[in-house]
Amino acid sequence: ITLTYADGRMISTLTEDGFYLFPNLPSGIYTVTVGSAPGYLLMSAPIAVVTLVESQVYTSADFGFIYAATDLEIAKHGVAQLLVGDAFPYTLVVTNSATVPALDVVLTDTQPLGITFSAVSDPRCALFDGDVTCNLGNIPALGVETVVITATATTAGVWVNTAAITATNESYVV
């Protein structure tokens, strides 16, 4: 956020909570300008012109940022048939189809009965007690992340495997 005095001098501040303060300003005309904020959409003009009198507190420069939701999807790819004891890889592809980044993305895949997870390809992932948890960080707009899990079939049958993806601005389960 930048405050510009009538004479062109500027003061800038960063904010993570959406609130800002420029204390002890003398009377005058000021221009307040905001930039973009990851994960948010600006719903108004990024500039406000404010006229202040001495010691006035002005709280109406609301720029209308809203939380921007992502559009996350998970696709799973693996072998159709195998034998008990066979090790096999399967791939989880996480896609952010939105035009905003997905923030603080976490992928979890719980080991189903009949399968034992043995490895995961991505160093951002951990395998613990049959669960794979991947802290993927931010996925950019229209971005894709791929994780390969290696597993072994321990029993015959059809397995139901559920993976979930969460972000601070989205949740999705398949």
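Predicted, not measured: the structure shown is a model, and the values here were computed from it.

S.K.: How would you explain the nonpolar core if you had to name every residue and give the values?
M.R.: Residues Leu107, Leu136 and Ile165 are the most contacted members of the largest nonpolar core, which totals 23 residues. The set of elements that each furnish at least two residues to this core consists of strand S7 (72-77), strand S8 (87-96), strand S9 (102-110), strand S10 (115-120), strand S12 (131-139), strand S13 (144-153) and strand S14 (163-167). Those residues within four positions of Leu107 in sequence are excluded, and the remaining contacts are Ile74, Leu92, Val94, Val132, Thr133, Cys134, Leu136, Val147, Ala164 and Ile165. In this structure, Leu3, Tyr5, Phe22 and Phe63 belong to the second largest nonpolar core, which totals 13 residues.

S.K.: Account for unusual backbone geometry, naming residues and giving values.
M.R.: Non-glycine residue Asp129 carries a positive phi angle of around 50°. With respect to the helices and strands, Asp129 occurs in the loop between strand S11 (125-128) and S12. The exposure class assigned to Asp129 is exposed, which follows from its relative accessible area of 69%. In the Ramachandran plot, Leu142 falls in the positive-phi region, its phi being about 60° despite a non-glycine side chain. Along the chain, Leu142 turns up in the loop between S12 and S13.

S.K.: Talk me through the packing of aromatic side chains; I want residue IDs and the actual numbers.
M.R.: With the rule as written, the count across this model stands at three aromatic pairs. Arranged with centres 6.1 Å apart and planes meeting at 45°, the rings of Tyr90 and Phe117 form a pair that is tilted. One end of the pair, Tyr90, is in strand S8; the other, Phe117, is in strand S10, and 27 residues separate them in sequence. Each member of the pair Tyr90 and Phe117 is classed as buried. Pairwise contacts between aromatic rings join Phe88, Tyr90 and Phe117 into one cluster. Directly above the aromatic system of Tyr5 lies the positively charged group of Arg9, at a separation of 4.0 Å from the ring centroid.

S.K.: Lay out the sheet that holds strand S3 (residues 28-33) with the relevant residues and their values.
M.R.: The sheet built from four strands is open, its strands ordered S2-S1-S3-S5 with antiparallel pairing. If you trace the sheet from one side to the other, it starts and ends with strand S2 (10-12) and strand S5 (47-52), each paired once. Here the average twist between neighbouring strands, direction ignored, is 20°. Direction of pairing for strand S1 (residues 2-4) relative to S3: antiparallel, over a ladder of three bridges. Note that in S3 the partner of Leu3 across the bridge is Val32.

S.K.: Describe the sheet that holds S13, and please don't skip the residues or the numbers.
M.R.: Taken in spatial order, the four strands of this open sheet run S7-S8-S13-S10, and their pairing is antiparallel. Strand pairing shows two members of the sheet lacking a second neighbour, S7 and S10, which therefore form its edges. Along the sheet, successive strands turn relative to each other by an average axial angle of 30°, direction set aside. When S8 meets S13, the two strands line up antiparallel, connected through nine bridges. Paired with Thr91 across the bridge in S13 is Val148.

Cut-offs and rules
Residues numbered from 1 in each chain as written. Predicted model: local features only at pLDDT ≥ 70, side-chain atom pairs only at ≥ 80, totals over all residues. Heavy atoms only, no water. Core = buried A, V, L, I, M, F, W, Y, C linked by side-chain atoms within 4.5 Å. Buried < 20%, exposed > 50% of the residue type's maximum accessible area, 1.4 Å probe, protein only. Helix = DSSP H or I, 4+ residues; strand = E, 2+ residues; numbered from the N terminus. Contact = heavy atoms within 4.5 Å. Phe/Tyr/Trp six-rings, centres within 6.5 Å; stacked < 30°, edge-to-face > 60°. Lys NZ or Arg CZ within 6 Å of the ring centre and 35° of its normal. Pairing = 2+ DSSP bridges. Axes fitted to C-alpha atoms, helices over the stretch in contact; angles between N-to-C directions.

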